[in-house]
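Residue strings, one per chain:
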Amino acid sequence: MLQDVSFKLPAGSFHFLTGPSGAGKSSLLRLMYLGLRPTRGRVVLFDRDIAATKRYELPALRRRIGVVFQDFRLLDHMTALDNVALPLRVRVVKESEIKRHVPELLSWVGLADHLGAKPSTLSGGQKQRVAIARAVIGRPDLLLADEPTGNVDDHIAMRLMYLFEELNKLGTTIVVATHNELLVQRFAHLPRLHIEHGMVTTLREATPPDGESE
Amino acid sequence: MFRRRHSDLPLAGDATSRFLPWLVALMVFLSSMAVAGAFVIGAVIDRWDHDVSGTLTVQVIPAGGEHGDAVTDERVHVAVEVMRKVPGVLAVKAFDKKRTLALLEPWLGSTEVVQDMPLPRLIDVTIDPEATIDLGEVAARLSRAVPGASLDDHRVWLSRLVNLSRTMQWLAVVVVILIGIVTSATVVYATRTGMAVHHGIIEVLHLIGAHDDYIARQFADRAFALGITGGLMGLALVVPALSAIGWAAKRLEGGFLPSLGLPVLGYVAIGMLPLLAAGLAMLTARLTVHGTLSRMP
């Protein structure tokens, strides 16, 4: 349950969302990716008041959001390629486009040799990269990632963070929920929303990263 | 050529895929029987109607006594003369006792007892179907000339048969509707079960921006495929069943039943049933998915 949560994410920003397990990070993310509607309060996304938005208009908003779920939520009966292609198929993108872009992205996340692999044959880290590829394939305006580095080693974690930063530079607003303090410290220049007992208690303002000029 | 549409849901492995075609097959089989029954009854009535319209039957009560047969013959002769003078009458043909007995043979048999019975004598009158005949006046004239003679234009008998036919046809329609309702209810149950089984996948599709119809279409396509498979299976069962009934009916036809053949329209209606069942399954699945998804945020 969330209470008295009030914040604004500027377009093109990159935030960490931190807090202990059960603090409400996932609930907050669910509100943001429109998996929940607020019982009270106001959620404004892409200048639209969600409570006042008609249900049939929500899919168009959801297509502007990429989500990396904590438990990946890959479809087990599909290959890595088909899983990543899913957001494009939902948008009825041409198969020729899908066959061009999806392998390219999977190569980028280091899974060029696993295009036809089913999730059951992939390791936790590989599944996570497939999930991330699925979240970013549609070039979302907002990317929400719930513990995206939870199952990968440091090297892969850093690589994924750099991927997020690349996307951010292209204009995608990013929120990464994590309780990996080490990761948060490594990217100390990123602003941080801290949530505890259902309330946003800390807000670290953005600082320029080391070596980056203002 | 049909191109199989893309599906994200692994519906082919569901239990529904195994039982739904058999259920639809049974439903199509039962519907076909009801439809065939309705059409055959309709055809029989039409045949009877066709056979008896344009005809009248005069019935002459046999005279008793020592010279009964001679008196009866005379009455029949007079009745024939009366009928011949009626404008619009094309032919008048009296059946002798032997012919009357032959007509009654399928019901009463041909024993000596029957031959001794005082059977009414029949006169078959063919009238011009276009002619307007005052049947009341003709009947009155006939009974004045021949005591005990009656005129039957078959209308009462025919209207009862037509009523029976209509009732049977409506009953067949009700049976088909009930079968449709049962099929729909089963598809609703099967679709909801499928949605529960694949809830996780549906939620992912929903959250990545799939419209409700994108998901509903996949269930509907599957329901249509299962429906048409089942429908064709049902049709494959109907053909031998109808052939067997037709064969049995042919053996039964002892001269008093018209041919029990199914009219062409009946075959067309039965041929459409698999498509109808598949369409119903498709529509039901689509509406069920939309109904269930509307409860998601």
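Please read these numbers as outputs of a predicted model, since none were measured by experiment.

## As for the domain arrangement of chain A
Residues and elements named next belong to chain A.
Reasoning step 1: For chain A, the assigned domains are domain 1 (1–64 + 140–214) and domain 2 (74–139).
Reasoning step 2: The interface is formed by nine residues belonging to domain 1 together with nine residues belonging to domain 2.
Reasoning step 3: Here the side of domain 1 that touches domain 2 takes three residues from helix 6 (residues 154–169), the largest share from any one element.
Reasoning step 4: When grouped by side-chain class, the residues that make up the side of domain 1 that touches domain 2 number seven nonpolar, one polar and one charged.

## Remarks on the interface of chain B and chain A
Reasoning step 1: Listed per partner, the contact involves 14 residues of chain B and 16 residues of chain A.
Reasoning step 2: Top contributing element to the side of chain B that touches chain A by residue count: helix 7 (residues 199–207) of chain B, with five residues.

## Description of the pairing of strand 3 (residues 121–127) of chain B
Residues and elements named next belong to chain B.
Reasoning step 1: Counting buried positions along strand 3 yields five of seven residues, so the element is predominantly enclosed.
Reasoning step 2: Where strand 1 (residues 55–60) lies against strand 3, six bridges are found, and the strand directions are antiparallel. Of the residues in strand 3, the one forming a bridge with Val60 is Arg121.
Reasoning step 3: Note: strand 2 (residues 89–94) against strand 3, five bridges, orientation antiparallel. Bridge pairing links Ala94 to Ile123 in strand 3.

## Side note on the pairing of strand 7 (residues 192–196) of chain A
Residue and element names in this part refer to chain A.
Reasoning step 1: In strand 7, alternate side chains face the same way, and those of Leu193 and Ile195 are buried while those of Arg192, His194 and Glu196 on the opposite face are not.
Reasoning step 2: Judged from the three bridges that link them, strand 1 (residues 14–18) and strand 7 form a sheet pairing that is parallel. Bridge pairing links Leu17 to Leu193 in strand 7.

## Digging into the confidence of the model for chain B
Reasoning step 1: Averaged over chain B, the pLDDT score is 85; the fraction of residues at 70 or greater is 92%.
Reasoning step 2: Both scores are given for the predicted complex: the pTM is 0.77, the ipTM 0.87.

## Observations concerning the domain arrangement of chain B
Reasoning step 1: Parsing chain B into structural domains produces domain 1 (11–50 + 159–293) and domain 2 (54–153).
Reasoning step 2: Taking only C-alpha atoms into account, the centre of domain 1 of chain B sits 50 Å from that of domain 2 of chain B.

## Brief notes about the nonpolar core
Reasoning step 1: By size, the foremost hydrophobic cluster in this structure holds 102 residues, and its most contacted members are Val84, Leu143 and Leu144 of chain A together with Val24, Ala223 and Ala281 of chain B.
Reasoning step 2: Sort the elements by how many residues they give to this core and helix 1 (residues 16–52) of chain B lands first, with 15 residues.
Reasoning step 3: Not counting residues within four places of it along the chain, the set of residues in contact with Ala223 of chain B comprises Val187, Thr191, Ala281, Met282 and Ala285 of chain B.
Reasoning step 4: Of all hydrophobic cores here, the second largest spans 17 residues; its members include Val58, Val92, Leu122 and Val138 of chain B.

## Focus: helix 9 (residues 264–293) of chain B
Reasoning step 1: Helix length check: helix 9 of chain B, at 30 residues, gives a terminal C-alpha distance of 44 Å against a target of 44 Å (1.5 Å per residue), a fit within 8%.
Reasoning step 2: Helix geometry: helix 9 of chain B is bent most strongly at Leu273 of chain B, by close to 35°, with proline Pro274 of chain B lying one to four residues after it.

## Some words on the environment of Met233 of chain B
All names here are of chain B.
Reasoning step 1: Within the fold, Met233 resides in helix 8 (residues 212–252).
Reasoning step 2: Residue Met233 is classed as partly exposed on the basis of its C-beta count, with 18 C-beta atoms lying within 10 Å.
Reasoning step 3: Contact partners of Met233, with chain neighbours within four places excluded, come to Pro21 and Ala25.

## Notes on the packing of helix 3 (residues 80–90) of chain A against helix 4 (residues 95–108) of chain A
Each pair of packed helices gets described by two things: the angle between the helix axes and the distance between those axes.
Residue and element names in this part refer to chain A.
Reasoning step 1: In the contact formed by helix 3 and helix 4, the axes pass within 10 Å of each other and the chain directions differ by 120°. Viewed along their axes, helix 3 and helix 4 adopt a mutual orientation that is oblique. As helix 3 runs across helix 4, the sense of the crossing is right-handed. Contact residues: helix 3 offers Ala80, Leu81, Val84, Ala85 and Leu88, while helix 4 offers Ile98, Val102, Pro103, Leu105 and Leu106.
Reasoning step 2: In terms of residue class, the contact of helix 3 with helix 4 is made up of ten nonpolar, no polar and no charged.

## With respect to the environment of Gly88 of chain B
Residue and element names in this part refer to chain B.
Reasoning step 1: Assignment of secondary structure puts Gly88 in the loop between helix 2 (68–84) and strand 2.
Reasoning step 2: Remark: the alpha-carbon pair of Gly88 and Leu108, spanning 20 residues in sequence, is separated by 35 Å.
Reasoning step 3: Apart from the residues within four sequence positions on either side, Gly88 is in contact with Ile127, Asp128, Ala131 and Ile133.

## Examining helix 2 of chain B
All names here are of chain B.
Reasoning step 1: The end-to-end C-alpha distance of helix 2 is 24 Å, a good match for the 24 Å that 17 residues give at a rise of 1.5 Å each.
Reasoning step 2: For helix 2, the complete set of buried residues consists of Thr72, Arg75, Val76, Ala79, Val82 and Met83. Along helix 2, the residues classed as buried sweep out an arc of 120° about the axis, all on the same side. More than 90 degrees from the buried face of helix 2, the exposed residues found are Ala70, Glu81 and Arg84.
Reasoning step 3: Of the surrounding elements, those touching the buried residues of helix 2 are strand 1, strand 2, strand 3 and helix 5 (135–145).

## Points about the packing of helix 3 of chain A against helix 5 (residues 124–136) of chain A
Residues and elements named next belong to chain A.
Reasoning step 1: Remark: helix 3 packs on helix 5, axes separated minimally by 7 Å, with the N-to-C direction vectors making an angle of 25°. Comparing the axis directions of helix 3 and helix 5 gives the class roughly parallel. Considering only the axes of helix 3 and helix 5, their crossing is right-handed. Here Ala80, Asn83, Val84, Leu86 and Pro87 of helix 3 lie close against helix 5, whose contacting residues are Val130, Ala133 and Arg134.
Reasoning step 2: Residue composition of the contact of helix 3 with helix 5, by class: six nonpolar, one polar and one charged.

Thresholds applied
- Residues numbered from 1 in each chain as written.
- Chains lettered and ligands numbered in written order.
- Predicted model: local features only at pLDDT ≥ 70, side-chain atom pairs only at ≥ 80, totals over all residues.
- Domains from an automatic or database assignment.
- Contact = placed C-beta atoms within 7 Å.
- Helix = DSSP H or I, 4+ residues; strand = E, 2+ residues; numbered from the N terminus.
- Nonpolar A, V, L, I, M, F, W, Y, C, P; charged D, E, K, R; others polar.
- Buried ≥ 20, exposed ≤ 12 C-beta atoms within 10 Å, placed from the backbone.
- Pairing = 2+ DSSP bridges.
- pLDDT = per-residue confidence, 0-100.
- Core = buried A, V, L, I, M, F, W, Y, C linked by C-beta atoms within 7 Å.
- Expected span 1.5 Å × (residues − 1).
- Bend = angle between axes of the 7 residues up to and from the residue.
- Axes fitted to C-alpha atoms, helices over the stretch in contact; angles between N-to-C directions.
- Parallel < 35°, antiparallel > 145°, perpendicular 65-115°, else oblique.
- Left-handed = near helix turned anticlockwise from the far one by under 90°.
- Arc of directions from axis to C-beta.

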